[in-house]
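So the chains spell out like this:
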Amino acid sequence: MFVDSHCHLDRLKQGPQALAETLDFARTRGVEHFLCVCVSVKDYDSMLDTVAQFDDVSVSCGVHPLHQDDACTYEELLEKAQRDEVVAIGETGLDYFYSPESKEVQLTSFIDHIKVANETRKPLIIHTRDAREDTINLLRTHKAPHTVGVLHCFTESLEMAQAAIDMGFYISISGIVTFNSADELREVVKAVPLERLLIETDSPWLAPVPHRGKQNQPGYVVEVAEFIAELKGVSVAELARITTENFYTLFSRAKMQAA
Ligand SMILES: [Zn+2]
Ligand SMILES: [Zn+2]
């Protein structure tokens, strides 16, 4: 059974009615759990409303680095993030590729999220693009020894992956790994131990081959898994088993909710 460790179910174009069908499609393909990732604390309550009826969906809370127009205070973030249903903090992080001009607010927001993760003892979901040094340095400086997390939709260097793994982090791979242009990422995936890998769709964005151009959906995490299994030289069943186990180890509250 597969887990989609990172999707944005409140951002699918079809709306709530089609969401039930979208999740059913994923379930028929063997996807047993979905982590719906928050990008704006202001939208947290409506996101929760959208997915609350589904027992196999868990949620995170945070402000995406590219959504700083929706920035919130440390107290607002903590108030929502400490709620029982929240299994992780994020997505947070740094993106200097799309928004170098908002660097300062991104840094402040990222530090707030790390502190909230320390305080709530919940794992971090980190988005990082063209900000390798700052991402690793801020984690080293601000995170408590017990705080762990994931670098999601990873597209950076093996060196960065290794630095994160050394801090107890996981590396999550999206459908980008199937793209023609992703040779470097494929080398990273080959080198990262299976015990440190998660899989995700990041839907509705980044549909994997052969679905490029369509809206992405959680069911397509199977294509991501198949591709990585081939790269790693293991069966799809084995890849699914290990990445699912990794998911519940990192997001232990999702496991408690599923039980
Ligand atoms: Zn992201
Ligand atoms: Zn995301």
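Our structure's up above, just so we're on the same page.
Treat the numbers as computed from the prediction; the structure is a model and nothing was measured.

Student: Teacher, can you tell me more about the coordination of the zinc ion (ligand 1) here?
Tutor: At this site the zinc ion (ligand 1) is bound by Glu-91 (OE), His-127 (ND1) and His-152 (NE2), with donor distances of 2.0 to 2.2 Å. Positions of the donor residues of the zinc ion (ligand 1) along the chain correspond to the pattern E-x35-H-x24-H. In this structure, the zinc ion (ligand 1) lies 3.4 Å from the zinc ion (ligand 2), and both are coordinated by Glu-91. In this pair, Glu-91 sits in strand E4 (residues 86-95) while His-127 sits in strand E5 (residues 124-129), placing the two residues 36 residues apart along the sequence.

Student: Got a minute to help me understand the pairing of strand E7 (residues 170-173) in this structure?
Tutor: Taken residue by residue, a regular strand's side chains alternate between the two faces of the sheet. Of the two faces of E7, the one lined by Tyr-170 and Ser-172 and the one lined by Ile-171 and Ile-173 are each fully buried. The handedness of the strand E6 (residues 149-151) to E7 crossover, carried by helix H6 (residues 158-166), is right-handed. Alignment of E7 against strand E8 (residues 197-199), held across 3 bridges, turns out to be parallel. Across the sheet, residue Ser-172 finds its bridge partner in E8, namely Leu-198. Crossover E7 to E8 through helix H7 (residues 183-191) is right-handed.

Student: How should the packing of aromatic side chains be read in this particular structure?
Tutor: When we look at a pair of aromatic rings, we describe it by the centre distance and by the angle of the planes. For the structure shown, the criterion picks out 4 aromatic pairs. Taking 6.5 Å as the distance between ring centres and 90 degrees as the angle between the ring planes, the aromatic pair formed by Phe-25 and Tyr-220 counts as edge-to-face. With Phe-25 in helix H1 (residues 16-28) and Tyr-220 in the loop between E8 and helix H8 (221-232), this pair connects stretches of sequence that are 195 residues apart. When the ring of Phe-247 is compared with that of Tyr-248, the centres are 5.3 Å apart and the planes differ by 80 degrees; the resulting orientation is edge-to-face. Tyr-248 carries the same exposure label as Phe-247, and that label is buried. Three or more aromatic residues link up through ring pairs in this structure, and these residues are Phe-247, Tyr-248 and Phe-251. A cation over an aromatic ring shows up here: Arg-129 above the ring of Phe-97, its NZ or CZ 3.8 Å from the ring centre. The residue whose ring lies beneath Arg-212 is Phe-179, and the NZ or CZ to ring-centre distance is 3.5 Å.

Student: Just to check I follow, could you spell out H6 for this structure?
Tutor: Every α-helical turn comprises 3.6 residues, leaving residues that sit three or four positions apart pointing alike. Taken residue by residue, H6 has Met-160, Ala-161, Ala-163, Ala-164 and Ile-165 as its buried positions. Elements in contact with the buried residues of H6: E5, helix H5 (132-142), E6, E7 and H7. Positive backbone phi, at 90 degrees, marks Gly-168, one or two positions downstream of H6.

Student: Please explain the coordination of the zinc ion (ligand 2) as it appears in this structure.
Tutor: In a perfect tetrahedron of four donors around a metal, the angles come out at 109.5 degrees. In a perfect octahedron of six, they are 90 or 180 degrees. The protein atoms that coordinate the zinc ion (ligand 2) are His-6 (NE2), His-8 (NE2), Glu-91 (OE) and Asp-202 (OD), at distances spanning 2.0 to 2.5 Å. Each donor residue of the zinc ion (ligand 2) belongs to the same chain, with the gaps between them written as H-x1-H-x82-E-x110-D.

Student: Hey, could you run me through helix H4 (residues 103-120) in this one?
Tutor: Compared with an ideal rise of 1.5 Å per residue, which puts 18 residues at 26 Å, H4 spans 26 Å between its outermost C-alpha atoms and is within 8% of the ideal. Taken together, the buried positions of H4 are occupied by Gln-106, Leu-107, Ser-109, Phe-110, Ile-111, Asp-112, His-113, Ile-114, Val-116, Ala-117, Asn-118 and Thr-120. Looking at the residues trailing H4, positive phi occurs at Arg-121, about 60 degrees.

Parameters at a glance
- Residues numbered from 1 in each chain as written.
- Chains lettered and ligands numbered in written order.
- Predicted model: local features only at pLDDT ≥ 70, side-chain atom pairs only at ≥ 80, totals over all residues.
- Heavy atoms only, no water.
- Donors = N, O, S within 2.8 Å, 3.2 Å for Na, K, Ca; no water.
- Helix = DSSP H or I, 4+ residues; strand = E, 2+ residues; numbered from the N terminus.
- Buried < 20%, exposed > 50% of the residue type's maximum accessible area, 1.4 Å probe, protein only.
- Right-handed = clockwise from strand over helix to strand, strands pointing away.
- Pairing = 2+ DSSP bridges.
- Phe/Tyr/Trp six-rings, centres within 6.5 Å; stacked < 30°, edge-to-face > 60°.
- Lys NZ or Arg CZ within 6 Å of the ring centre and 35° of its normal.
- Contact = heavy atoms within 4.5 Å.
- Expected span 1.5 Å × (residues − 1).

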